[in-house]
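# Coordinate inspection notes
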Amino acid sequence: ELQAFRVRCHCDLASFQVSPTREAAGRLYRCHCPPCRRYHTSAWATYLRVATPSPLLLETVLGEWGLARSNVLVHQDQCLELGAVQRICCRRCMTKLATLPSDDDDDDDDDD
């Protein structure tokens, strides 16, 4: 069985547990594109594919992870490797929690 990962922000407002998919076990993705470098304030972003519901709808994912929508900010962005993505961070401390590929270019989940 694959080990689950606990993800939490610095202020403990947002936390959840995810499991890597069997296909991606031990496989990390590194992206060096300018949007990922800017968002993560790093030379690259590292991603691990985890099990998510299908279709990949933001509200469904947040519900499955036990994250209250009122506790997170969602930012629509582009990644040159993944395409359109939704970047999720804590509303209070701004800890970067997850990046989800977008199924469409819908802006309904944008927070200004």
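See the structure shown above.
Attention in this report is confined to the structure presented alongside it. This structure is a prediction, so every number in the text was calculated from the model and none was measured.

### Comments concerning the state of the cysteines
The full count for this structure, using the stated rule, is zero disulfides. Considering cysteine sulfurs only, Cys31 is the nearest to Cys33, which forms no disulfide, with 3.5 Å between them. Here Cys36 stays free of any disulfide, with the sulfur of Cys79 as its closest cysteine sulfur at 3.5 Å. You can call Cys36 buried: its relative accessible area is 0%.

### Structural notes on the pattern of salt bridges
Taken as a whole and judged by the stated rule, the model has three salt bridges. When the shortest N-O distance is used, the salt bridge between Glu59 and Arg69 registers 3.2 Å. Here Glu59, found in helix H2 (residues 58-65), pairs with Arg69, found in the loop between H2 and strand S5 (72-79); they are 10 residues apart in sequence, far enough to count as distant. Note on Glu59: relative accessible area 44%, which makes it partly exposed. Arg69 gets classed as partly exposed once you look at its relative accessible area, which sits at 24%. Residue Arg87 pairs with Asp77 through a salt bridge whose shortest N-O separation is 2.9 Å. Of this pair, Arg87 sits in strand S6 (residues 83-90) while Asp77 is found in strand S5, placing the two residues 10 residues apart along the sequence.

What counts and how
- Residues numbered from 1 in each chain as written.
- Predicted model: local features only at pLDDT ≥ 70, side-chain atom pairs only at ≥ 80, totals over all residues.
- Heavy atoms only, no water.
- Disulfide = S-S within 2.5 Å.
- Buried < 20%, exposed > 50% of the residue type's maximum accessible area, 1.4 Å probe, protein only.
- Salt bridge = Lys/Arg side-chain N within 4 Å of Asp/Glu carboxyl O.
- Helix = DSSP H or I, 4+ residues; strand = E, 2+ residues; numbered from the N terminus.

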